[in-house]
Amino acid sequence: MEANNQVELDLNDIIKARHEKLARLVEMDKNPYEIVKFDKDTDALDIKNNYDNFDGKQVTLAGRMISRRIMGKASFANLLDGTGSIQLYISKNDIGEDDYAEFKKYDIGDIIGVTGKVFTTKTGEISVHAYSVSLLSKSLLPLPEKYHGLTNTDMRYRQRYVDLIANPEVKRTFITRSKIISSIRAFLDNRGFLEVETPILNTIPGGASARPFVTHHNTLDIDMYMRIAPELYLKRLIVGGFERVYEIGRLFRNEGMDTRHNPEFTTVELYQAYTDYNGMMDLTEDLFNYIADNVIGSKTITYQGVEINIGDKWKRISMLDLVKEQTGIDFANMPLEECISKANAIGVEFADNVTWGKALYEVFDQKIEEKLVQPTFVTDYPVEVSPLAKRKKSDPRLTERFEFFITSREMGNAFSELNDPIDQKGRFMAQVKEREAGDEEAQMMDEDFVTALEYGMPPTGGLGIGIDRLVMLFTDEASIRDVLLFPTMKPLA
């Protein structure tokens, strides 16, 4: 306890001293917060990558001072900007006695501007020999552990701004995330898809089976829902004549939180007229290969120590065949009672009065999904768990739907979209009954969407991919919170 009190006392002393330094600057009419502009002309990475072009030339940089070694009349410091860090050499003889005295009063974490000449030290480190140094913003709080890194996971998520300063690899993850999203847009744009925007506030939370967040619209005096999926709006656009549309955006589901789930998350959802779920499988493989080539530079990646082959032809297998292959339970030919008995024997639990389709799905969900490490398309889901997918003509108990799995987790979902308005209304009604029976994730009736289908929707393939999980895969992050700049956190007391 004494040690903790000492740390707190030392921190308070540090903060007090920094405030006193700021007060002195204000009294001297040198308030750094009044500076509105600083004209930098390059950055650290550009200098390091193109040293031959910069050697001996004057540059102007700006960034955060993250370390300093004062050696009498000269000092070395490190400046961190948006691209990386670079060493500075600051001498009293070059910047003047008064400015050097001021520089020595700067604190680690202060934002500074520097003009100087690029050179290489005797030890071979690319540096900037400063002619002038100015304080652009005062850091009133010290960096964590004297810039040895912010390691407290909870505080890293709560104070992402400090995490980005202290842990350069975190910044790299989010730069990669941005590049992945840009690549998704480029891939779809090049294939003739149109990016659109649909409402986030919905009167009916449709397009997925999930518990929504509820809010209230004061002017209309109605409850509304944060969207759980853009699907039904995007398919309305297919009805309206757009043949290829997509949306990248946030979804909101009032569900559990763990390493794979956050209440708000980002997806890309797309629809293409005149194709089916086989076309969506081809598109998915092409998209992942495009990202691997253009962002990562390799079709073989490592995730948590496991090598994943994005470039190989992905396995395609029906849920019926996969369950039979992995458990020996033949849902296609065995009576339901026998299937349930065999599933119980291997530890699968069912709700009372479980249907054939839900029993099949539960065996897959509870016993097989975790085994799907390499990219795998699992196809032909039961109708009961696929209210928006077209039935298989060869077996009406199933639908033309797939989910694809990598590293034992579902990464995306796709259908040959149901375009029969009579069938769609019947499935909505079945969902309504489940909702009335207490299933808060069951879908509501959307009469307007049924009306849209009555005008006629062409055969259509649709696909949704969770971008957060995709980024986790390509950046080798184990938790979804590590690929969200600001994950949902319970407020501190």
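Residues numbered from 1 in each chain as written. Predicted model: local features only at pLDDT ≥ 70, side-chain atom pairs only at ≥ 80, totals over all residues. Heavy atoms only, no water.

(A) Region of interest: the overall build of the protein. Looking only at helices and strands, the protein has 16 helices and 20 strands in total. Expressed along its principal axes, the backbone C-alpha trace of the protein runs to roughly 90 × 50 × 50 Å. Of the contacts formed within the protein by residues at least 6 apart in sequence, a portion of 64% connects residues at least 24 apart. Total accessible area on the protein is roughly 24,300 Å²; 49% of this is exposed by carbon and sulfur atoms. On the protein, the mean spot of the 60 positive side-chain charges and the mean spot of the 79 negative ones are 5 Å from each other. (Helix = DSSP H or I, 4+ residues; strand = E, 2+ residues; numbered from the N terminus. Contact = heavy atoms within 4.5 Å. Areas by Shrake-Rupley, 256 points an atom, 1.4 Å probe, with all protein chains shown as cover. Lys, Arg positive; Asp, Glu negative; His and termini not counted. Charge placed at Lys NZ, Arg CZ, Asp CG, Glu CD.)

(B) Broad picture of the packing of helix α11 (residues 319-327) against helix α13 (residues 356-367). Put simply, α11 and α13 touch, their axes get as near as 10 Å, and they point 55° apart. Here α11 lies oblique to α13, going by the angle between them. For the element pair α11 and α13, the recorded crossing hand is left-handed. Between α11, through Met319, Leu320, Leu322, Val323 and Thr327, and α13, the contact on the second element is made entirely by Trp356, Leu360, Tyr361, Val363 and Phe364. By residue class, the composition of the contact of α11 with α13 is nine nonpolar, one polar and no charged. (Axes fitted to C-alpha atoms, helices over the stretch in contact; angles between N-to-C directions. Parallel < 35°, antiparallel > 145°, perpendicular 65-115°, else oblique. Left-handed = near helix turned anticlockwise from the far one by under 90°. Nonpolar A, V, L, I, M, F, W, Y, C, P; charged D, E, K, R; others polar.)

(C) Region of interest: the packing of aromatic side chains. Under the defined criterion, the tally for this structure stands at 17 aromatic pairs. Here phenylalanine 288 and phenylalanine 404 contribute two aromatic rings whose centre-to-centre distance is 5.5 Å and whose plane-to-plane angle is 90°, an arrangement assigned as edge-to-face. With a gap of 116 residues between them, phenylalanine 288 in helix α10 (residues 277-296) and phenylalanine 404 in strand β18 (residues 401-406) connect regions that are remote in the sequence. Considered together, phenylalanine 288 and phenylalanine 404 belong to a single accessibility category, that of buried residues. Among the aromatic side chains, those forming a connected cluster through ring pairs are Phe288, Trp314, Phe377, Phe402, Phe404 and Phe474. It is arginine 236 that lies over the ring of tyrosine 233; its NZ or CZ is 5.1 Å from the centre. (Phe/Tyr/Trp six-rings, centres within 6.5 Å; stacked < 30°, edge-to-face > 60°. Buried < 20%, exposed > 50% of the residue type's maximum accessible area, 1.4 Å probe, protein only. Lys NZ or Arg CZ within 6 Å of the ring centre and 35° of its normal.)

(D) Quick look at the pattern of salt bridges. Considering all chains together, one arrives at 33 salt bridges under this definition. A salt bridge links glutamate 264 to arginine 250; its shortest N-O distance comes to 3.7 Å. Of this pair, glutamate 264 sits in strand β11 (residues 264-273) while arginine 250 sits in strand β10 (residues 244-252); the two residues are 14 residues apart in sequence, bridging distant segments of the chain. A relative accessible area of 31% means that arginine 250 is categorised as partly exposed. (Salt bridge = Lys/Arg side-chain N within 4 Å of Asp/Glu carboxyl O.)

(E) Region of interest: the sheet that holds strand β7 (residues 201-202). Across the sheet, which stays open at both edges, the three strands sit in the order β7-β9-β8 with antiparallel pairing between neighbours. Across the chains shown, the open sheet's two edge strands, defined by having one partner strand only, are β7 and β8 (214-217). Bridge count for β8 against strand β9 (residues 222-226) is four bridges, and the pairing is antiparallel. Within β9, the residue paired with histidine 217 across the bridge is isoleucine 222. (Pairing = 2+ DSSP bridges.)

(F) Main features of the nonpolar core. Within the largest apolar cluster, 40 residues are counted, with the highest numbers of intra-cluster contacts made by Phe288, Phe404 and Phe474. Sequence-distant contacts of phenylalanine 288, defined by excluding residues within four places in its chain, comprise Ile310, Trp314, Phe404, Ile406, Ile465, Leu470, Leu473 and Phe474. One finds Ala44, Ile90, Ile95 and Val118 within the second-largest nonpolar core, a separate group that totals 25 residues. (Core = buried A, V, L, I, M, F, W, Y, C linked by side-chain atoms within 4.5 Å.)

(G) Inspection of the sheet that holds strand β2 (residues 74-80) at higher detail. Strand order in this closed barrel of five strands is β1-β2-β3-β5-β4, and the pairing throughout is mixed. Taking each pair of neighbouring strands and ignoring which way they run, the sheet shows an average axis angle of 55°. Summarising the sheet, strand β3 (residues 85-91) and strand β5 (residues 126-137) pair through three bridges and their orientation is parallel. Looking at the pairing, glutamine 87 lines up with serine 127 of β5.

(H) How the structure looks around the pairing of β2. For β2, the tally of buried residues reaches seven of seven residues, placing the bulk of the element in the interior. Residues Ala74, Phe76, Asn78 and Leu80 of β2 are buried on one face, and the alternating residues Ser75, Ala77 and Leu79, pointing to the opposite face, are buried as well. Inspection of the sheet shows strand β1 (residues 58-71) paired to β2 by seven bridges, in the antiparallel sense. Paired with isoleucine 70 across the strands is serine 75, a residue of β2. Between β1 and the antiparallel strand that follows it, β2, lie two residues; glycine 72 among them carries a positive phi value of about 70°.

(I) Spotlight on the packing of helix α9 (residues 231-240) against helix α15 (residues 447-454). Running from N to C, α9 and α15 point in directions that differ by 25°, and their axes come no closer than 9 Å. As judged from the angle between their axes, α9 and α15 are roughly parallel. At the point where α9 passes α15, the crossing takes the left-handed sense. Packed against α9, whose contacting residues are Leu232, Lys235, Arg236 and Val239, the element α15 presents Asp448, Phe449 and Ala452 at the interface. Class assignment for the residues of the contact of α9 with α15 results in four nonpolar, no polar and three charged.

(J) Representation of the environment of valine 348 in the model. Here valine 348 shows up in the loop between α12 (336-345) and α13. Overall, valine 348 belongs to the buried group, its relative accessible area being 2%. Spatially, the C-alpha atoms of valine 348 and glutamate 417 are 30 Å apart, while their sequence positions differ by 69 residues. Valine 348 has contacts with Ala343, Glu362, Val363, Gln366 and Lys367, leaving out every residue within four places of it along the chain.

(K) Highlighting α15. Residues of α15 that are buried include every one of Phe449, Val450, Ala452 and Leu453, and no others. Angular distribution of buried residues about the axis of α15 spans 155°; they occupy a single face of the element. For α15, the capping residue at the N-terminal end is aspartate 446, with a side-chain oxygen 3.3 Å from the backbone nitrogen of aspartate 448. Glycine 456 occupies a position one or two residues after α15 and carries a positive phi of about 105°. (Arc of directions from axis to C-beta. Polar contact = N/O pair within 3.5 Å; in protein donor to acceptor, adjacent residues only side chain to side chain.)

(L) A look at the side chain of arginine 18. Along the chain, arginine 18 turns up in helix α1 (residues 2-27). Arginine 18 sits in the buried class, given a relative accessible area of 6%. Setting aside chain neighbours within four positions, we find arginine 18 in contact with Asp107, Ile108, Lys138, Ser139, Leu140, Leu141 and Pro142.

(M) Structural detail: the side chain of glutamate 102. Topologically, glutamate 102 is positioned in helix α5 (residues 97-103). Contact partners of glutamate 102, with chain neighbours within four places excluded, come to Arg24, Leu25 and Met28.

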